[in-house]
Amino acid sequence: MHGWELIIFEGFNGIVSGLVLALISLGLCLIYGLMGIINIAHGSLYMLGAVIGVYCVQAYGFNFWLILVVAPLAVAAISVLINRVLLERIVNRNAAIGLLATAGLLLIIDNTVLATFGGAPKTVIAPVSGAVHILGMYYPGYRLVVALIAIGVLGAVWAFLRFSRYGLWMRAVPQARELAAAIGVPISRVNDLTVALAGLTAGFAGALVVPISGAYFQMGLSVLASAFIVVVVGGLGNLFGAIVVSMGFGVARGLFAVVMAPAWAEISALLLLLPVLYFRPNGIFGGR
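Parameters and conventions
Residues numbered from 1 in each chain as written. Predicted model: local features only at pLDDT ≥ 70, side-chain atom pairs only at ≥ 80, totals over all residues. Heavy atoms only, no water. Helix = DSSP H or I, 4+ residues; strand = E, 2+ residues; numbered from the N terminus. Expected span 1.5 Å × (residues − 1). Buried < 20%, exposed > 50% of the residue type's maximum accessible area, 1.4 Å probe, protein only. Pairing = 2+ DSSP bridges. 1 Å grid on protein atoms, 1.4 Å probe; cavity = no way out; pocket = protein on both sides within 12 Å on 5 of 7 lines; lining within 4 Å. Points joined across faces, edges and corners; volume = space filled by probe spheres on them. Nonpolar A, V, L, I, M, F, W, Y, C, P; charged D, E, K, R; others polar. Patch = residues over 30% accessible without salt bridge, like charges linked within 9 Å, V, L, I, M, F, W, Y side chains within 5 Å. Areas by Shrake-Rupley, 256 points an atom, 1.4 Å probe, with all protein chains shown as cover. Salt bridge = Lys/Arg side-chain N within 4 Å of Asp/Glu carboxyl O.

A. Geometry of helix H11 (residues 262–273). In this model H11 runs 17 Å from its N-terminal to its C-terminal C-alpha over 12 residues, within 8% of the 16 Å that 1.5 Å per residue would give. Within H11, the full set of buried residues consists of Ala 265, Ser 268, Ala 269, Leu 270 and Leu 273.

B. Focus on the pairing of strand E1 (residues 131–134). Across 4 bridges, E1 lies against strand E2 (residues 137–140) in antiparallel orientation. By the bridge assignment, Ile 134 is partnered in E2 with Met 137. Linking E1 back to E2 in an antiparallel pair, the connection comprises 2 residues, with Leu 135 at a positive phi of about 50°.

C. Up close: the layout of surface pockets. Taken as a whole, the largest pocket encloses approximately 730 Å³ of empty space. Lining the largest pocket are 27 residues, with Asn 13, Ser 17, Ile 212, Ser 213 and Arg 253 sitting closest to its centre. It is helix H1 (residues 4–35) that contributes the most residues to the lining of the largest pocket, 8 residues altogether. Partitioning the lining of the largest pocket into residue classes produces 15 nonpolar, 8 polar and 4 charged. Estimates place the volume of the second largest pocket at around 230 Å³. Considering the residues around the second largest pocket, the lining is formed by Leu 26, Leu 154, Val 157, Trp 158, Leu 161, Arg 162, Arg 171, Leu 239, Phe 240 and Ile 243. Of all the secondary structure elements, the ones that give two or more residues to the lining of the second largest pocket are helix H5 (141–163) and helix H10 (239–256).

D. Structural context of empty space enclosed by the protein. Within the structure shown, the criterion is met by 2 cavities of 30 Å³ or more. Estimates place the volume of the largest cavity at around 50 Å³. Elements supplying a minimum of two residues to the lining of the largest cavity: H1 and helix H9 (219–234). Grouping the constituent residues of the lining of the largest cavity by class yields 7 nonpolar, 1 polar and no charged. In terms of lining, the second largest cavity is formed by Ile 31, Asn 39, Ala 41, Leu 45, Ser 79, Ile 82, Leu 87, Leu 105 and Val 195. Sort the elements by how many residues they give to the lining of the second largest cavity and helix H3 (residues 64–90) lands first, with 3 residues. Here the residues of the lining of the second largest cavity are counted per class, giving 7 nonpolar, 2 polar and no charged.

E. Spatial organisation of a nonpolar patch on the surface. Taken together, the side chains of Phe 240, Val 244, Ile 284 and Phe 285 make up a nonpolar region of the molecular surface, amounting to roughly 340 Å² of accessible area. Of note, Phe 285 is situated in the segment after helix H12 (276–279). Judged by relative accessible area, which is 33%, Phe 285 ranks as partly exposed.

Structure (structure tokens):
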């Protein structure tokens with residue numbers, strides 16, 4: 001590919017990767033917004049979604065579309081267990097305690113996966129083959145499917161938060177936790193649901209990217225820095241901001257990849273975001 005074809009191709013790649021990053025960043029925002037915890041181990045939940053998906057296909061012969069249900073639900077269940085054992089015990093405590101606790105959790109999860117599944121990357125065949133002719137170039141059909149599914153999941157999460165009773169409680173509790181408890185809001189159940197939803201979206205992102213990038217025990221670390229930066233630049237706890245900045249970051253990284261190596265493209269995209277914090281210390285969509 002040459003010229004405009006390459007630019008369009010990498011632009012589409014940026015949109016797809018931005019949507020996947022938005023699914024991951026959404027969970028970070030949910031946990032920070034409700035519980036005030038910066039979850040360093042969130043990237044490991046993304047990794048678990050990918051690893052569980054590969055294991056189900058290779059060991060049990062699951063259909064790929066089935067692992068898009070099984071893997072996110074499994075990660076959501078693991079997330080609830082993590083909340084009961086760890087996260088609920090560090091809510092409203094010093095931020096450094098949360099950082100250290102979740103950093104330790106990251107090491108436990110990653111090394112457990114290494115010991116259990118090994119360190120070699122594993123992948124599965126994409127369920128959608130072929131390419132689609134768009135704007136003068138051919139683009140892999142499965143990546144378009146990933147984009148559509150990610151948009152659907154993000155829309156479903158927005159509808160849940162906007163229109164359901166638990167969504168209302170999840171938006172209300174961070175603003176007045178004591179008052180919410182006093183009027184009968186089940187805080188513990190809301191915490192469980194928030195962490196489960198964060199794990200669900202991260203696990204969904206992991207399962208979606210398996211045919212593209214494979215699954216390996218440290219893949220969560222590769223997205224952790226990007227996810228944290230887009231969450232901070234978007235405004236800590238602002239879900240809309242995280243999604244918008246994730247998309248912008250993905251497109252910028254894709255366009256930079258036209259003229260430089262992928263690693264340098266990611267570095268350049270991150271450097272493009274960081275100066276925003278000088279003018280907007282609380283993020284683009286953060287309050288004063």
